[in-house]
Each structure stands twice: as C-alpha cells, then as structure tokens.
Amino acid sequence: MFFQDKSFKTMETGVTAAWIQQQVHTQNIANYETPGYKAKSLVFSDALIRTRGAEGKRLAPSTYRLADSEDTTIRPDGNNVDMDVESLSLYKAYVQYSMLLEKIRKEINNHMYVVNNAPR
C-alpha cells in the first residue's frame, strides 16, 4: 500500500518536521519585542538514526527537542531574536514544506492514474 511505503513515510516525516520548524520560527518572530526572550530552535538528536531491520541497514527519523539559544544577546534587554535569520529560516522551512506536499500530491496522482487506468 502506498501509505505504508518507505518513501511516503519519509516524505510524511519531512512534512511534519518542516511544519514544526515553521511554528518555532513563527514563535520566535512573534516574541521579537519580548524582553529576555531567547530564540528557540529544533535540535535533532541525530539527523537520521541507523537501525537494523530484516533488509539490513536502513535509516529512521530521529527525535527532536526545543532548545533555547543562550549563546548570543542581540539587544540590551536580553532578547536574542535576529529577525533576518528567523525570517529566512521561516521561508526555508515553508519552501521545504511546500515542496514535500507537492511531491506527495504527485505520488498520489500517479497511484490514482494507475488504479483508474488498470485493465479490468
């Protein structure tokens, strides 16, 4: 089944990660004027974790957590949100999200075409 396919699961995981990235950057932008606010970022324990399955080595998505960025202070009030960085990162996450959704849409259309045009 298509929805159980490894490539679909990978795209689904990517869509979720890009969505969460957008939420984090949006939260940072919303707190741009909040004194003492520290920008948040997603930290992945590993980009991909190697696991061993019946077919040998394969890659599985890792877990993530939110982390405060404590290393820099941009303003005297302790806020370290860099609007340029956050805006660019938000756009990058949006493009990734949109691209993955388009890829999923095309894959579904391909499967629908096969199903609708299969010999009966």
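In the block above lies the structure referred to throughout.
First, a word on scope: everything that follows refers to the structure included in this document. (Residues numbered from 1 in each chain as written. Predicted model: local features only at pLDDT ≥ 70, side-chain atom pairs only at ≥ 80, totals over all residues. Heavy atoms only, no water.)

### Describing the packing of aromatic side chains
Put simply, the rule reads: Stacked, tilted and edge-to-face pairs are distinguished by plane angle, under 30 degrees for stacked and over 60 for edge-to-face with tilted covering the rest, among Phe, Tyr and Trp rings (Trp via its six-membered ring) whose centres lie within 6.5 Å. Only DSSP runs of H or I covering at least 4 residues are called helices, and only runs of E covering at least 2 are called strands; the numbering of each starts at the N terminus. Note on exposure labels: buried denotes an accessible area under 20% of the residue type's maximum, exposed denotes more than 50%, and partly exposed covers the range between, all computed with a 1.4 Å probe on protein chains only. A ring is scored as having a charge over it whenever the NZ atom of a lysine or the CZ atom of an arginine sits within 6 Å of its centre and within 35 degrees of its normal.
Counted by the stated rule, this structure contains two aromatic pairs. Where Tyr91 meets Tyr94, the ring centres are 6.4 Å apart and the plane angle is 40 degrees; that geometry is what we call tilted. With Tyr91 and Tyr94 both in helix α2 (residues 83-117) and three residues apart, the pair spans about one turn of that helix. Look at Tyr94 and you get partly exposed, because its relative accessible area is 44%. Cation over ring: Arg75 sits above Tyr32, and NZ or CZ is 5.1 Å from the ring centre.

### So, the packing of helix α1 (residues 6-30) against α2
For clarity, the cut-off: For helices, the fitted line uses only the C-alpha atoms of the stretch in contact; every axis is such a line through C-alpha atoms, and the angle between N-to-C directions lies from 0 to 180 degrees. To sort the angles, those under 35 degrees are grouped as roughly parallel, those over 145 as roughly antiparallel, those from 65 to 115 as roughly perpendicular, and the leftovers as oblique. Left-handed is the label given to a crossing in which the near helix is rotated counterclockwise from the far helix by less than a right angle, and right-handed is the label when the rotation is clockwise. The classification used treats Ala, Val, Leu, Ile, Met, Phe, Trp, Tyr, Cys and Pro as nonpolar, Asp, Glu, Lys and Arg as charged, and all other residues, Gly among them, as polar.
The contact between α1 and α2 brings their axes to 8 Å, and the two run at 155 degrees. It follows from the interaxial angle that α1 and α2 lie roughly antiparallel. Helix-helix and strand crossings are classified by hand; for α1 and α2 the assignment is left-handed. Residue composition of the contact of α1 with α2, grouped by class: 14 nonpolar, nine polar and four charged.

Read these as geometric descriptors, not functional statements.
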